[in-house]
Structures are given as structure tokens and as C-alpha cells.
Amino acid sequence: MTDADPARVVADADVLAADLLVGGAARDALDHVRRHSWVDLVASDHLLDDAEVVIAGVADPDLAADWRGRIDDERVAVDHPAGDHPALASAYRGGAAHLLTFDEGLGSTATNLTIQPRVNLSIRTPDAFAGLFDPASLYAAVEGGEYPGPDRDPRA
Amino acid sequence: MTETWADLFERAEAYGTEVESIRERLREVRGDD
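Predicted, not measured: the structure shown is a model, and the values here were computed from it.

**Thoughts on the sheet that holds strand β1 (residues 5–11) of chain A**
All names here are of chain A.
Here's step 1: An order of β3-β2-β1-β4-β5 is seen for the 5 strands of this open sheet, with the pairing classed as parallel. Among the strands making up the open sheet, the edge pair consists of β3 (76–78) and β5 (122–124). Mean inter-strand twist for the sheet, computed between neighbouring axes without regard to direction, equals 30°.
Here's step 2: Here β1 pairs with strand β2 (residues 40–44) via 2 bridges, running parallel. Each bridged residue has a counterpart across the sheet, and for Arg-8 the counterpart in β2 is Asp-40.

**Digging into the interface of chain A and chain B**
Here's step 1: Facing 24 residues of chain A, the contacting portion of chain B comprises 20 residues.
Here's step 2: Elements with a minimum of two residues in the side of chain A that touches chain B: α1 (13–21), α3 (45–58) and α4 (61–74) of chain A.
Here's step 3: Residue classes in the side of chain A that touches chain B are distributed as 15 nonpolar, 2 polar and 7 charged.

Reading guide: rules and limits
Residues numbered from 1 in each chain as written. Chains lettered and ligands numbered in written order. Predicted model: local features only at pLDDT ≥ 70, side-chain atom pairs only at ≥ 80, totals over all residues. Pairing = 2+ DSSP bridges. Helix = DSSP H or I, 4+ residues; strand = E, 2+ residues; numbered from the N terminus. Axes fitted to C-alpha atoms, helices over the stretch in contact; angles between N-to-C directions. Contact = placed C-beta atoms within 7 Å. Nonpolar A, V, L, I, M, F, W, Y, C, P; charged D, E, K, R; others polar.

What follows is the structure, encoded as C-alpha cells:
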């Protein structure tokens, strides 16, 4: 088993939907991902399916489909069995070090995963992640050298 | 053609969604109730 990659992030379906529909902490957190080409959003089809259904339910199916078209282009895709928790399984199978969720009990929830969880997965709420995200130290650890600043427009 | 994030966020704003309604819907989708 390889170590988790500190530049790989998973957002659970509630955070993905809130990023689109609410803004606030969820958007602050995912803006950190969007504005850095070297930070990856990892998500399985199952995870995006959940978020798309939620968005279609609380907003509308057209918006959900357009969101899916966009997020499909940007995420790093991973696969896992349908019975696994989509966010946890995406994180473990995608080697992510960070999992963002509004479900603060997720880390202690008994889950029926088909792979052994890593101990170095950090499960945080979006506001905690957004507050702690330090691109300069992360860049030095992942890419090496001095942080050049954001390299993408998070609204593009 | 995919939309920009700015366009998607602008369209989404019209729904006035709150985090709790998203969480409630996700619990329904996953059968966590």
C-alpha cells in the first residue's frame, strides 16, 4: 500500500453539491483545489452519481447534468465496488490524504469497505480544511521549490 | 461545451439552497435515515 498523496482531495457528495449550490466553506475549500493544477480532486462515478442526484433533487436536473459534465473533466477517476461508501472508498483507492465532508461522524462510522482503510486520511469539514490549507508548504512537499502562487482561475 | 464555474455558480444561486437540505437529501439517497 502506498502512502496517501497530500495533494489529492476527495469531497463527499454533500460538499460537492454545496460547492455548487451554497458556496461558503465548501466553495472556499474546493477553490483551493481549482486554483492549483497540482492539487487533484479524486472521485468515483458512484460519488459523482450521489452528488448529481442530490443536485437534481434540490435544484434541477439540467443544472445537475451540466455540473456533471464539468466535474467529469476535472476529477481523477477511481473505481470501487458499489457497496463501499463512495467518499471513503474514493479516498482510499485514490490515495487521497484529505476527505472533506459535512458529516463529522464519517470518520468513526462503521463502514463496509472492500479495502483496508489507511490511517493517514484526514477527514475534515470544509471550513476546517479551508482554514488549514497551506499551499506554500504543500507545494514545497509535493512539487519542491518555492510556491509560485495559484496557477489557475477557479471560476474559469 | 462545458460551462465555466462562474456560470454554474450563477445559475445555482437562484435556488437559494442550504447545506442542511443537501445533507437531508443525501441521507435519503444513501438510505441513511
